[in-house]
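Remarks on the overall topology
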Amino acid sequence: MLDNNKIKLGISQIGWTNDDMPDLGKENTFEQTISEIALAGFKASEVGAKYPDDPAVLKKAMDLRGLTICNSWFSTFLITKPYEEVEKDFIKQLDFLKAVGADVIGVSEQSHSIQGRLDQPIWEGKYVMNEDEWKMLADGLNKLGKAAKDKGMKLTFHHHMGTVVQTEEEIDRFMDLVDPEYVFLLFDSGHLSFAGIDPAKILKKYISRVRHIHLKDIRQTLADKSKAEHWSFLKGVREGVFTVPGDGDVDFEPLFKIVAESGYAGWLVVEAEQDPAKANPLEYAIKARKYIAEKTGL
Ligand SMILES: O=C1C[C@@H](O)[C@H](O)[C@@H](O)C1=O
Ligand SMILES: [Co+2]
């Protein structure tokens, strides 16, 4: 059982429109997306490309539906761009998130990332950082994390397929290098499972440093096929590698147990990008909401 005084449930808008491939769900408007998020029984979403840029307009639309913004993706380029340039954009996004009521920002290092490249199989040619780059990444994130903390926000780092922090060894090294006061982990059950890592092992090890959680399930047969047939990450998404919790092969019960026993306080966010033409977003959001209620009491 999870404590609903500590844990709140959100769902990412990525199931309605996928900003990485905007043709997926192009027909779904911002208003329809957030109305369906509320209708399915969730309390928050992250920020999508169709969401209003004006924080007052966005907040009003969310408030009207009893929703809040709980996080947004932020791409850093700490090992390939000047730090000051990254920091400037980061602060702007922090201020935006703060104005709409979020206290978490989800960072992914996108230097050399292959996650968006259609010409690149996701299982081949991922960039591996050298010693200097590891230091540059950790130092940059520590500084950004301090800037976030100074504004009452938390920098959470999203390990991700096709990026410089994907494998178990990379996650361990990352957690060793960053300052626990300023940089937290964004745990994503789908990316770990897709990478062939036991999500329960990682969650157990780092739960005290986790400040945001993405609940993503995978269809293992399609994940295996993506490797065998050299698919890009985005082809995998299009074909249905990811789905909502309870609909795939990830075992969520140990994850919920670790969360319950840890005293984690924060958001659990269903994040299950797939083709909305094959997986109706409202139907899948309701499916996820029911599964989580059944397994956690939330
Ligand atoms: O948190 C996420 C945001 C997406 O844009 C990304 O590609 C997805 O897989 C994810 O986990
Ligand atoms: Co995620």
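Here the structure is a predicted model, which is why all the values come from computation and not from measurement.

This next bit is on helix α2 (residues 55–64). Along α2, the residues classified as buried are Leu58, Ala61 and Met62. With its buried residues spanning 95° around the axis, α2 presents them on a single face. Opposite the buried face of α2, by more than 90 degrees, sit the exposed residues Ala56, Lys60 and Leu64. For α2, the elements touching its buried residues are α1 (30–39), β2 (44–46), β3 (68–71) and α3 (83–99). Regarding α2, its N-cap is Asp54, as a side-chain oxygen of that residue lies 2.9 Å from the backbone nitrogen of Ala56 further along. At the exit of α2 stands Gly66, carrying a positive phi of roughly 70°.

Let's shift gears to the confidence of the model for the protein chain. Per-residue confidence for the protein chain averages 98 on the pLDDT scale, and 100% of its residues sit at or above 70. Confidence metrics for the complex model read pTM 0.98 and ipTM 0.98.

Positive phi is not limited to glycine here, since His112 has a value of about 60°. Of note, His112 is situated in the loop between β5 (104–109) and α4 (131–150). Since its relative accessible area comes to 37%, His112 is described here as partly exposed.

Close to ligand 1 lie 13 residues, the nearest being His158, Asp188, His191, Glu271 and Glu273. A distance of 3.0 Å separates an oxygen atom of ligand 1 from a polar atom in the side chain of Asp20. A distance of 3.0 Å is found between an oxygen atom of ligand 1 and a side-chain nitrogen or oxygen belonging to Asp188. Residues of the shell around ligand 1, tallied by class, amount to three nonpolar, five polar and five charged.

Attention shifts here to α1. Here α1 has its buried residues at Phe30, Thr33, Ile34, Glu36 and Ile37. Taken down its axis, α1 places every buried residue within 160° of arc, on the same side. Buried residues along α1 sit in contact with β1 (7–11), β2, α2 and α11 (281–296). Immediately beyond the C-terminal end of α1, within one or two residues, lies Gly41, with a positive phi of roughly 95°.

Another point: the packing of aromatic side chains. Scanning the entire structure with this criterion turns up eight aromatic pairs. Taking the centre distance of 6.3 Å and the plane angle of 75° together, the rings of Phe252 and Tyr291 count as edge-to-face. Taken as a pair, Phe252 in the loop between β10 (242–243) and α10 (253–262) and Tyr291 in helix α11 lie far apart in primary sequence, 39 residues in all. The pair Phe252 / Tyr291 is uniform in exposure class, with both members buried. What links up through ring pairs into an aromatic cluster is the set Trp123, Phe194, Phe233 and Phe242. Residue placement shows Lys143 over the ring face of Tyr83; its charged tip is 4.1 Å from the ring centre.

Our next topic: the coordination of the cobalt ion (ligand 2). Within the protein, the atoms that donate to the cobalt ion (ligand 2) are His158 (NE2), Asp188 (OD), His214 (ND1) and Glu271 (OE), at distances of 2.1 to 2.2 Å. Metal-centred angles of 71 to 168° between the six donor atoms at the cobalt ion (ligand 2) mark the site as octahedral. Sequence spacing of the donors to the cobalt ion (ligand 2): H-x29-D-x25-H-x56-E. With His214 in strand β8 (residues 210–215) and Glu271 in the loop between β11 (266–270) and α11, this pair connects stretches of sequence that are 57 residues apart. In this structure His214 comes out as buried when scored by relative accessible area, which is 2%.

Cut-offs and rules
Within each chain, residues carry numbers counting from 1 in the order of the written sequence. In the order they appear in the text, chains get letters beginning with A and ligands get numbers beginning with 1. Predicted model: local features are reported for residues with pLDDT of at least 70 only, side-chain atom pairs are reported and counted for 80 or more only, and whole-chain, interface and lining totals are derived from all residues. The basis for every side-chain value is the complete set of heavy atoms in the structure, and neither hydrogens nor water enter the calculation. Think of it in three bands: residues with accessible area under 20% of the maximum for their type are buried, residues over 50% are exposed, and the middle band is partly exposed, with areas taken using a 1.4 Å probe on protein chains only. Runs of E in the DSSP output that reach at least two residues are strands. Runs of H or I that reach at least four are helices, and both are numbered from the N terminus. Here the arc refers to the set of directions running from the helix axis out to each C-beta atom. The contact definition used throughout considers only heavy atoms, calling two residues in contact when any of these lie within 4.5 Å. Under the rule applied, a polar contact is a pair of N or O atoms within 3.5 Å (in protein, one hydrogen donor and one hydrogen acceptor; residues adjacent in sequence only if both atoms are side-chain atoms). Note: pLDDT gives the predictor's confidence per residue, expressed from 0 to 100. We call a residue near a molecule or strand when any one of its heavy atoms sits within 4 Å of it. Throughout, the ten residues Ala, Val, Leu, Ile, Met, Phe, Trp, Tyr, Cys and Pro are labelled nonpolar, Asp, Glu, Lys and Arg are labelled charged, and all others, Gly among them, are labelled polar. Ring pairs are drawn from Phe, Tyr and Trp, using the six-membered ring of Trp, whenever the two centres fall within 6.5 Å, and their geometry is named by plane angle: stacked under 30 degrees, edge-to-face over 60, tilted for the rest. Here, a charge over a ring means that NZ of Lys or CZ of Arg falls within 6 Å of the ring centre while also lying within 35 degrees of the ring normal. Only nitrogen, oxygen and sulfur atoms within 2.8 Å of the metal, or 3.2 Å for Na, K and Ca, are treated as donors, and water is left out, so sites may look incomplete. Every angle between 85 and 135 degrees makes a four-donor site tetrahedral, while opposite donors more than 155 degrees apart, with all other angles between 65 and 115, make a four-donor site square planar and a six-donor site octahedral; other sites are irregular.

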